[in-house]
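Here's the letter readout for the chains.
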Amino acid sequence: MPRSTGKSSPARRKGSFSSSQAEQKERMDSRSAGEECLTDEQCAIVDAARRGESFKVAAFAGTGKTTSLTEAARALLGKRVLYLVFNKAQQRAAQRRFAVLKKRQPQLTIESRTAHSIAWRLFGSKRYRGRLARDTHGASRAWVAYLLERNLVWGPTGEARSTAAWAVVDTVSAFLASAAEAIGSEHLPARAAERSDSILNAARALWSELDDAGAAALPVTHDVYLKAWQLSRPVLPWCDVVMYDEAQDATPAMLDVVTRQRNLQTIYVGDEHQQIYEFRGAVNALHSLQLPEYPLTRTWRFGERIAALANGILQAKGEARRLRPSAPRHDAVQSGFPQACDLVLARTNVGLVEQALRFTDRKAGFFIRGATDPETGFAANGFGELRGRLLAAHSLWKGRETHHPAFAAFESWGALKRAAEADGGEAFRPYVRLVEQYEARTPAVVSALRKSSVENESEADVVLSTVHRFKGEEARRVALADDYWEFASRRKEAERASLDEGEANIAYVAVTRAMEELWMGGARATLESSLERLGVYSSFGS
């Protein structure tokens, strides 16, 4: 089977990363329409789809999942197929592939949608028109204000009341992601344990207001109308088959809609080892579904050396199956940090800033990966977002107020720190740490970074991204930042090490983005220590 040559050239040139992304999409579309040379694993998936089976596919990194699903869709002629994807960018990419496929087979009936787009079209647009918030942070602030104005939360000080209000918002957010029909104690954040009854009562009052079609005061988020739609127990009468891509990242609410359907053939596809969105309420759908499973283990992305490192992480997690290169391919795992590379992957935004400073010192232009544009499928410039959040946190550190949407609800630096240290505060921790590190120099650091940040990916000498922002993609030469966390720990030397599955998944996603060269950087010691504690030896190259 032919395989895409990737997203960047071996010799790094400005513009090579972005332009080759477009070339890869063209190659993917072309291959999808005419691919007939399948592996035995892929043939088994296509045959199961043709037989009308409902099943799940465990698609390991770089193993031709897209080709497998496309060929399965071709085997379902005469059936109406709904292809569910995680986000708008994936929907656009699938639409491009299927448009090419339909030119060859006009009788093919397949529609690519996100769960949210279906929920909005069938339910949300009628019930919540005019109430949809522009952003989640803005909606959360409005919810907090509602709770405070209605005296639905209590505290001895204004700051204590605000903290309680945010605990209520977190409770409702957990409920929105769940399959539950009512808010319960399982949705409470750990910090609310001592005041569980009052927090639960306030959360139920808030949800009642949000769910009220006649209430125009409170804005709603995308997760609100999806939850309300899920609770209405909808049916999907216009399709015969549902293909659920990236199923490991599905929330219970999304999954519940599909699993409740009757007389539908369902195909769930994903990799449980790439589940890195638990903080958004995602569950490992593949593990929870009692269906026949078909594996995809032959990788087209990299060769034996990178596969050996990835397999070490899989072994540490207790996975019996192994990644196998589909054909001989030259690759390398290197120690240290390279002079030049296509991509640097950081675990956190703190690591991202540290890498940006590294390349600023080298006089190299960098592009920070932001959110993916749903229209083009390409990443937006993330420096502006990073800059705004860092300066907002610095304003609070200086004792000033800030109007940044994500930070405006905090009355003080202390309130921000407490929120960052509490459950659910992961989004704020990097900025607290960075401001504490640079203190009064924070604006100067931001100014220095701005000079080296380029507006477009095509102009960059190197692309900087967090692992979460680069999931599902690949690059020829990848370097890891210094901020990865260990995924094995033990309190006493004699004890068996415990596995942090979430961190192991992040490490697995990071190392499997590389096609030819993987530079371990400061992550080597962290990964090596974790594997050794879990009884796994892995070679990290030279």
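Just above sits the structure.
Residues numbered from 1 in each chain as written. Predicted model: local features only at pLDDT ≥ 70, side-chain atom pairs only at ≥ 80, totals over all residues. Heavy atoms only, no water.

A. Representation of empty space enclosed by the protein within the structure. Applying the stated rule across the entire model yields three cavities of 30 Å³ or more. Taken as a whole, the largest cavity holds about 80 Å³ of empty space. Around the largest cavity, the lining residues are Leu82, Leu84, Ala115, Ile118, Leu226, Trp229, Leu236, Tyr244, Met254, Val257 and Val258. Contributing elements (two or more residues each) for the lining of the largest cavity: strand S2 (80–85), helix H5 (115–127), helix H9 (222–231) and helix H10 (252–259). Ranked by the residues each element gives to the lining of the largest cavity, the list is headed by H10, at three residues. Here the lining of the largest cavity is composed, by residue class, of eleven nonpolar, no polar and no charged. Space inside the second largest cavity adds up to approximately 40 Å³. Around the second largest cavity, the lining residues are His116, Leu176, Ala177, Asp223, Leu226, Thr251, Ala253 and Met254. Among the secondary structure elements, those contributing two or more residues to the lining of the second largest cavity are helix H7 (158–177), H9 and H10. Here the residues of the lining of the second largest cavity are counted per class, giving five nonpolar, two polar and one charged. (1 Å grid on protein atoms, 1.4 Å probe; cavity = no way out; pocket = protein on both sides within 12 Å on 5 of 7 lines; lining within 4 Å. Points joined across faces, edges and corners; volume = space filled by probe spheres on them. Helix = DSSP H or I, 4+ residues; strand = E, 2+ residues; numbered from the N terminus. Nonpolar A, V, L, I, M, F, W, Y, C, P; charged D, E, K, R; others polar.)

B. Structural view of the pattern of salt bridges. Applying the stated rule across the entire model yields 30 salt bridges. A salt bridge links Glu41 to Arg324, with the nearest nitrogen and oxygen atoms 3.3 Å apart. Residue Glu41 is found in helix H2 (residues 40–50), and its partner Arg324 is found in strand S8 (residues 324–325); the two are separated by 283 residues along the sequence. The class for Glu41 is buried, based on a relative accessible area of 15%. Taking the shortest distance from any N to any O, the salt bridge between Arg369 and Glu457 comes out at 3.1 Å. Highlighted residues: Arg369 in strand S11 (residues 366–372) and Glu457 in the loop between helix H17 (442–452) and strand S13 (462–466), separated in sequence by 88 residues. The class of Arg369 is buried, set by a relative accessible area of 3%. Beyond isolated ion pairs, a larger network of salt bridges with shared partners links Lys65, Asp245, Glu246, Asp249 and Lys471. (Salt bridge = Lys/Arg side-chain N within 4 Å of Asp/Glu carboxyl O. Buried < 20%, exposed > 50% of the residue type's maximum accessible area, 1.4 Å probe, protein only.)

C. Representation of the packing of aromatic side chains in the model. Using the criterion set out here, one finds twelve aromatic pairs in the structure. Between Trp120 and Tyr225, the ring centres sit 5.0 Å apart and the planes meet at 55°, which makes this aromatic pair tilted. Placement of the pair is Trp120 in helix H5 and Tyr225 in helix H9, with a sequence separation of 105 residues. The interplanar angle of 20° and the centroid separation of 6.2 Å between the aromatic rings of Tyr244 and Tyr268 together place this pair among those described as stacked. Of this pair, Tyr244 sits in strand S4 (residues 241–244) while Tyr268 sits in strand S5 (residues 265–270), placing them 24 residues apart in sequence. (Phe/Tyr/Trp six-rings, centres within 6.5 Å; stacked < 30°, edge-to-face > 60°.)

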